[in-house]
Amino acid sequence: MAWRAGAVWAVSIAAVTAVSSGVPVAVAWLTKLVLDRLAGGPGALPDVLGPALALMALGLVAGVQPSVRRFAGNELDRRISLLAQDRLYTAVSRLSGLARFEDPAFIDRLRLATQAGGSTPGQVLNAVFAVAGGLITLAGFLVSLLTISPPMAVVLLLGAVPVLGAELVLARRRAASDWRLGPVERREFLYATLLSSANAAKEIRLFGLAAFLHDRMLRERSVAERERRGLDRSELRIQLALGLTAALVAGGGLVWAITQAGRGALSVGDVSMFVASVAGVQAGLSGIITEIAVAARRLLLFQHYLAVVGTEPDLRGTRRELPPLTGGIEFRDVWFRYGPEHPWVLRGVSLVVPYGRGVGLVGGNGSGKSTLVKLLCRFYDPEKGAVLWDGVDLREIDPAVLRARISGVFQDYMQYDMTAGENIGLGDLDRFTDRAAVREAARRAGAEEFVAALPRGYDTLITRVFFDSSDDEEGVFLSGGQGQRVAVARAMLRGDRDVLILDEPSSGLDAEAEHELHTRLKEHRRGRTSLLISHRLGAVRDADVLVVLENGVVAEQGTHDELMAAGGVYARMFTIQASGYREPDRPAMTEPGPPG
Ligand SMILES: Nc1ncnc2c1ncn2[C@@H]1O[C@H](COP(=O)(O)OP(=O)(O)OP(=O)(O)O)[C@@H](O)[C@H]1O
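Since the model is a prediction, treat every value here as computed from it, not as a measurement.

Caption draft 1: Spotlight on the overall build of the protein. When helices and strands are counted, the protein shows 18 helices and 12 strands. With respect to the principal axes defined by its C-alpha atoms, the protein has extents near 125 × 55 × 50 Å. Within the protein, buried positions represent 43% of all 596 residues. Sequence-distant contacts in the protein: of pairs separated by 6 or more residues, those separated by 24 or more amount to 73%. Accessible surface, the protein: about 30,000 Å² in total, of which carbon and sulfur atoms supply 60%. Between the centroid of the 66 positive side chains of the protein and the centroid of its 66 negative side chains there is a distance of 6 Å.

Dropping the structure here:
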């Protein structure tokens, strides 16, 4: 990955590391040389000049090296991070179903992958360079030390083995804890987001929830902190033991070297060399161990990145060609649940959405209407039975090819923090900048008037979250109904698709706007294959077929008149709604809600 991201930078760092790793050893030898020659008396001064100048040159290298290294490292990090993010989100976009995004374990893994993916390759590469450089320095000091005191070299090396082992165990524990704390951090993030969310602010204040949520947030945080504190304590114990042992060994060594010098067995330069070598070996070993431990932890976390990047597409489909719909869509004995641990949501649903006809889907909350729509878009596959497009099982069709044939508004429609024009243009990227088409879509959705009246018309930034008043781009908040009309306009822009899905498209509109929208939609749906879900039965009553879902089964289907005559679930629901519009002292209205 580092090679693909920036081979030149990687090679530059390797070169700088190799050169700079030799500097400390060379400095120690040159210092010894200078000291030994100085000890020879004033006549030796000319001989000192050469090594002294070399020391100066090495000082220059040592001074410049960190900046060059940092610059090259940052550049490589940026490039790797870009490549890693590109790969990660390419893999995420390959997931065409929704199930993974509703799986908490996958969401935790994705969070860790996002954290680790961008920085790990660069950090591990840095660690590799640092370890390689450290080994060069270490080897130089070890050889130097071996010439003076082989037992000391062996003691230092053996002492490093248990420390490395302990650090690796700790790295593994830290990586495991990062994974374990995923749900805890997700909850903490959730509470923190709620506390700062504009959407949640009203309820939180009205119900006085701030302290309650704040408390929960801190509780989650303290769970995570407790675990991390434990690991930090273990780390501290290892570091203290290491520091203490290193100081004792170095101190003992120094006493031995001075005694030897007193006896004339070592020169002054030898003592300086010994001290520098012991310090160099200790610092080198400690640096290498720390780098290995950090890299090990990062690599363990990086497995989450690799797992996400290597995720296989969840929904396959070999058919890349899909002829225009001519017959219709059929749900054939469809059984579906959101997972083996969830209850059945659809239990043997069979219904047909004939080509060119409008089907109205009605039923109580949780009866499975939106789920049916999600299966039609192939966000999930049925567990049993099939959804057929002109007789072709949707499982055979590439999800992207299928979805290119569908337009729609979902019950939980999106509002993007972009301009009004862009919010509509997203419905059909081929016409994203086609202002005439965007206007026409807005007109059909009844959004044209208020969009035109926005401070910058279609170029006004619309947002539900925040806008920066210091920014040139002034944003506006839309009302719920206005936002919904923009979402309908987005669907209208791609309204020439084979199937139009409208899941509660008018729930937030005022009575007049709803009537107006449904009149327009009726016009737009004429001759098109459409599926309209609404709790307001007046809005769906003139659908070609009405399908009533109850607890995941089709309770009845037929036209409005047929269902009213049958006196079943639909007739009951319709009558209840109609009675809500009737004034007690007036005769009953014949139809509820705005006329369809
Ligand atoms: N992503 C999901 N994961 C698990 N269960 C889900 C999910 N989405 C919906 N459900 C469950 O499936 C059932 C049917 O939900 P669905 O949204 O299809 O109902 P609906 O008929 O559209 O309801 P409403 O009229 O309230 O919009 C409900 O019990 C709901 O809790």
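Structure shown, so let's carry the discussion forward.
Caption draft 2: Representation of the site of the ligand within the structure. Taken together, 16 residues are adjacent to the ligand, and G366, K369, S370, T371 and H535 come closest. Residue N365 places a side-chain N or O atom 2.9 Å away from an oxygen atom belonging to the ligand. Separating an oxygen atom of the ligand from a side-chain N or O atom of Q411 is a distance of 3.0 Å. In the complex, the protein chains occlude 68% of the 630 Å² of accessible area that the ligand would expose alone. The element contributing the most residues to the shell around the ligand is helix α9 (residues 369–376), with 4 residues. Each residue belonging to the shell around the ligand can be placed in one class, and the counts come to 3 nonpolar, 10 polar and 3 charged.

Caption draft 3: A look at the nonpolar core. One finds I424 and Y570 to be the most contacted residues of the largest nonpolar core, which totals 41 residues. In terms of residues, this core owes the most to one element, helix α14 (residues 480–493), which gives 7 residues. For I424, the contacting residues outside a window of four places in its chain are V438, A441, A442, Y458, V486, A489, R490 and L493. L325, F336, F379 and L531 belong to the second largest nonpolar core, which has 35 residues in total.

Caption draft 4: Up close: a nonpolar patch on the surface. Taken together, the side chains of L49, L53 and M56 define a hydrophobic patch exposed on the protein surface, amounting to about 350 Å² of accessible area. Residue placement: M56 occurs in helix α2 (residues 45–94).

Caption draft 5: Spotlight on the packing of α2 against helix α8 (residues 268–309). Packing of α2 against α8 brings their axes to within 8 Å, and their N-to-C directions diverge by 45°. Taken together, the axes of α2 and α8 lie oblique to each other. For the pair formed by α2 and α8, the contact residues are A84, R87, L88, A91, V92 and R94 on the first element and Y305, V308 and V309 on the second. Among the residues making up the contact of α2 with α8, the classes are represented as 7 nonpolar, no polar and 2 charged.

Caption draft 6: Structural detail: the domain arrangement of the protein. On domain assignment, one finds that the protein holds domain 1 (2–309) and domain 2 (412–496). Distance between the C-alpha centres of domain 1 and domain 2: 49 Å.

Definitions and limits used
- Residues numbered from 1 in each chain as written.
- Predicted model: local features only at pLDDT ≥ 70, side-chain atom pairs only at ≥ 80, totals over all residues.
- Heavy atoms only, no water.
- Helix = DSSP H or I, 4+ residues; strand = E, 2+ residues; numbered from the N terminus.
- Buried < 20%, exposed > 50% of the residue type's maximum accessible area, 1.4 Å probe, protein only.
- Contact = heavy atoms within 4.5 Å.
- Areas by Shrake-Rupley, 256 points an atom, 1.4 Å probe, with all protein chains shown as cover.
- Lys, Arg positive; Asp, Glu negative; His and termini not counted.
- Charge placed at Lys NZ, Arg CZ, Asp CG, Glu CD.
- Near = heavy atom within 4 Å.
- Polar contact = N/O pair within 3.5 Å; in protein donor to acceptor, adjacent residues only side chain to side chain.
- Nonpolar A, V, L, I, M, F, W, Y, C, P; charged D, E, K, R; others polar.
- Core = buried A, V, L, I, M, F, W, Y, C linked by side-chain atoms within 4.5 Å.
- Patch = residues over 30% accessible without salt bridge, like charges linked within 9 Å, V, L, I, M, F, W, Y side chains within 5 Å.
- Salt bridge = Lys/Arg side-chain N within 4 Å of Asp/Glu carboxyl O.
- Axes fitted to C-alpha atoms, helices over the stretch in contact; angles between N-to-C directions.
- Parallel < 35°, antiparallel > 145°, perpendicular 65-115°, else oblique.
- Domains from an automatic or database assignment.

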